[in-house]
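# Structural overview
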Amino acid sequence: MTEGTIWKVLIGFAFPLFLGNLFQQMYNAVDSLVVGNFCGDDALAAVSSSGSLCLLIIGFFQGTFTGASVMISRFFGAREEEKLEKAVHTTILFSLGIGLVLSLLGVWLTPTILRWMGTPETVLPNSILYFRIYCAGLLSLVLYNTMNGIFQALGDSRHPLCYLILASLANVGLDLLFVAVLDWGVAGAAAATIIGQSLSAILGFAHLMSGRFFIRVSLQKLRPDPALLKQIFRLGLPSGIQNSVISIANVLVQSNINTFGKAAMAGCGSYAKIEGFAFLPIISLSLAITTFISQNLGAGKRERVKTGARLGIVMMVGLAELVGLATFLFAPLLIGLFSPSPDVVVYGILQARVVSLAYCLLAFSHAAGAVLRGAGKTLIPMVIMLCVWCVFRIFYVTLMVRLIPSILVVFTAYPITWSISSLLFFLILRRGNWLDSSLARPVEKEAGGV
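Residues numbered from 1 in each chain as written. Predicted model: local features only at pLDDT ≥ 70, side-chain atom pairs only at ≥ 80, totals over all residues. Heavy atoms only, no water.

### Notes on the packing of aromatic side chains
Aromatic ring pairs are reported here in terms of the distance separating the ring centres and the angle at which the planes meet. As a reminder, the rule being used: Aromatic pairs are defined between Phe, Tyr and Trp rings, using the six-membered ring for Trp, whenever the two ring centres lie within 6.5 Å; interplanar angles under 30 degrees are classed as stacked, those over 60 as edge-to-face, and all others as tilted. Helix numbering and strand numbering both begin at the N terminus, where a helix is a DSSP run of H or I of at least 4 residues and a strand a DSSP run of E of at least 2. Only protein chains enter the calculation, and the probe is 1.4 Å; a residue is then buried if its accessible area is under 20% of its type maximum, exposed if over 50%, and partly exposed in between. Charge over a ring is defined by NZ of Lys or CZ of Arg lying within 6 Å of the ring centre and within 35 degrees of the ring normal.
Per the stated rule, a full pass over the model turns up seven aromatic pairs. With 4.7 Å between their ring centres and 20 degrees between their planes, Phe178 and Trp184 make a pair best called stacked. Their ring planes at 75 degrees and their centres at 5.7 Å tell us that Phe279 and Tyr359 sit as a pair that is edge-to-face. Taken together, the residues span a long stretch of sequence, with Phe279 in the loop between helix H9 (262–278) and helix H10 (280–298) and Tyr359 in helix H13 (residues 359–374) at a distance of 80 residues. We note that Phe279, like Tyr359, is buried. A connected cluster of aromatic rings, assembled from ring pairs, spans Tyr130, Phe131 and Tyr134. Across from the ring centre of Phe328, 4.8 Å away, lies the NZ or CZ of Arg353, which sits over that ring.

### Examining the nonpolar core
Formally: Among buried residues, the Ala, Val, Leu, Ile, Met, Phe, Trp, Tyr and Cys ones that are joined through side-chain atoms within 4.5 Å form a nonpolar core. Note on contacts: a residue pair qualifies if any of its non-hydrogen atoms lie within 4.5 Å across the two residues.
One finds Ile293, Tyr359, Trp418 and Trp434 to be the most contacted residues of the largest nonpolar core, which totals 64 residues. The dominant element in this core, judged by the number of residues it contributes, is helix H15 (residues 407–431), at ten residues. Contact partners of Trp418, with chain neighbours within four places excluded, come to Glu275, Val355, Ala358, Tyr359, Leu361, Leu362, Ser365, Trp389 and Arg393. If you look at the next biggest cluster of nonpolar residues, it comprises 41 residues, including Ala87, Ala201, Ile232 and Leu235.

### A short note on the pattern of salt bridges
Here is the rule: Whenever a carboxyl oxygen of Asp or Glu lies within 4 Å of a side-chain nitrogen of Lys or Arg, that contact is scored as a salt bridge.
Within the structure shown, the criterion is met by four salt bridges. In this structure, Glu303 engages Lys306 in a salt bridge whose closest nitrogen and oxygen atoms are separated by 3.2 Å. Linking Glu303 with Lys306, this pair stays in helix H11 (residues 302–336), spanning three residues, or about one helical turn. Residue classification places Glu303 among the partly exposed positions, given a relative accessible area of 43%.

### Things to note about the confidence of the model for the protein chain
Heads up, the rule is: Each residue carries a pLDDT value, the predictor's own confidence for that position, ranging from 0 to 100.
The share of residues in the protein chain with pLDDT of 70 or more is 89%, and the mean pLDDT across the chain is 81. Element-level mean pLDDT values for the protein chain span from 72 in helix H2 (residues 41–78) up to 91 in H15. Low pLDDT, under 50, characterises residues 438–450; the stretch is placed with 36 contacts to residues that sit more than four places away or in other chains.

### Side note on a nonpolar patch on the surface
For clarity, the threshold we go by: What makes a patch is a set of residues exposed beyond 30% relative accessible area and free of salt bridges, joined within 9 Å when like-charged and within 5 Å when nonpolar (Val, Leu, Ile, Met, Phe, Trp, Tyr). Methods summary: accessible areas were calculated by the Shrake-Rupley approach with a probe of 1.4 Å, and residue burial reflects only the protein chains presented.
On the surface, a nonpolar cluster with roughly 970 Å² of combined accessible area is contributed by Phe392, Phe395, Leu399, Leu403, Ile404, Ile416, Ile420, Leu423, Leu424, Phe426 and Leu427. Examining the composition of the nonpolar patch, we find that six residues originate from one element, H15, more than from any other. One can find Ile416 in helix H15.

### Concerning unusual backbone geometry
Even without being a glycine, Asp183 presents a positive backbone phi close to 60 degrees. Inspection of the secondary structure puts Asp183 in the loop between helix H6 (158–181) and helix H7 (185–208).

### A look at the packing of helix H4 (residues 124–136) against H7
As a reminder of what qualifies: The angle between two axes is taken between their N-to-C directions and runs from 0 to 180 degrees, where each axis is a line fitted to C-alpha atoms and a helix contributes only its stretch in contact. Here is the rule for angles: anything less than 35 degrees is roughly parallel, anything more than 145 is roughly antiparallel, 65 through 115 is roughly perpendicular, and the remaining ranges are oblique. A clockwise turn of the near helix away from the far one marks a right-handed crossing, whereas an anticlockwise turn of less than a right angle marks a left-handed crossing. In this count, Pro and Cys sit with the nonpolar residues alongside Ala, Val, Leu, Ile, Met, Phe, Trp and Tyr, while Asp, Glu, Lys and Arg are called charged and the others, Gly among them, polar.
Between H4 and H7, whose axes approach to 8 Å, the crossing angle comes to 15 degrees. Classed by the angle they form, the pair H4 and H7 counts as roughly parallel. The two elements H4 and H7 cross, and the hand of that crossing is right-handed. Contact residues: H4 offers Asn126, Leu129, Tyr130, Ile133 and Tyr134, while H7 offers Val186, Ala187, Ala189, Ala190, Ala191, Thr193 and Ile194. By residue class, the composition of the contact of H4 with H7 is ten nonpolar, two polar and no charged.

### Some thoughts on H4
The following threshold applies: Take the number of residues in a helix, subtract one, and multiply by 1.5 Å to get its expected span.
With 13 residues, H4 ought to run about 18 Å at 1.5 Å a step, and its terminal C-alpha atoms sit 18 Å apart, in line with that. Listed in full, the buried residues belonging to H4 are Leu124, Ser127, Ile128, Tyr130, Phe131, Tyr134 and Cys135.

Written out as structure tokens, the structure reads:
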């Protein structure tokens, strides 16, 4: 990513990521579609209420892996092959450990967390069953994301796409078999998800170990490098904490949604799946920007970094608003795919209409955060998003729901907090000192921001 026309490089890297994320998003969406149409609203509400917990666990790991991704991209851009090899093997070993820990904690704490969220008793048994099976296979999910992150950090977004397409097709087939044919309910949906993720992880690591890639992974080399591990934690832990605490905030928001009943749970859960698809192009461009910034800083190309940051932000904001407009217009059709219940559909449409036109604000915050993370400034996005998307959002929802007992209060929390975070990110990028990264090659300092 250190050569060529910038917008072509970003799109060329982001498009396979988009397709890969599209198929990955199919996992939970297919679970909800199949469960909602074959098992009813109670089962759909159970899968929906567990979704925020799944995102909490995944978010922590993906955020923490940001540190590893930045290091791998930087060493690759600087052509430091020995450090690159150590970083990759240290990252894999770290992933194995954290995957096992998260899996055990998830299985153990599932009932406690779901009760703490205020999950209705009619939904609770299925919620516990779905989430426990999901957590039991969490290691495969962590290893898939590790493999995917290594490929992306090295500039290859195509191989993970191929593996994910195969795994997603397997997941769709297994969902229909386990739920529609064998009548295993939410347990079948969870099992299909885990089997699909395991398949993609196995295929990815088989390629990394085959010697046909830039770097060859070997079991004999899986030993930690203390200095690199410390650097990975320093860069990645803020993002991991940020993602987890934001997910905890969303869990608390979900607990407020739960008080409005199972129709609200199912409707908002259905919208969450639609939003997941709608924002895939933005997330893909965000990952492309982080990798672009990291590799070009490693190569000492500061002017290219600044140009890419500006262009990437503009592309993300414009695309997000187009997607938001489409979501606003087609919300009735899209929400109706998940449930025939009028009450469920009404809640889903209401959330879509309140939130979707503000996607441009969310995109700006994600784009700015991607630029800062690529430059090694991972602490800044963490602080902003924790303060705004977590502390302020929880305070706003908790207070306002008591003053105005309407679910609209919950929905408006998102555009409000996106607006505040976007303003803060804009002010920080305007200062221009985000380029002063200790990880960049030592070149003459240039003035100017985004």
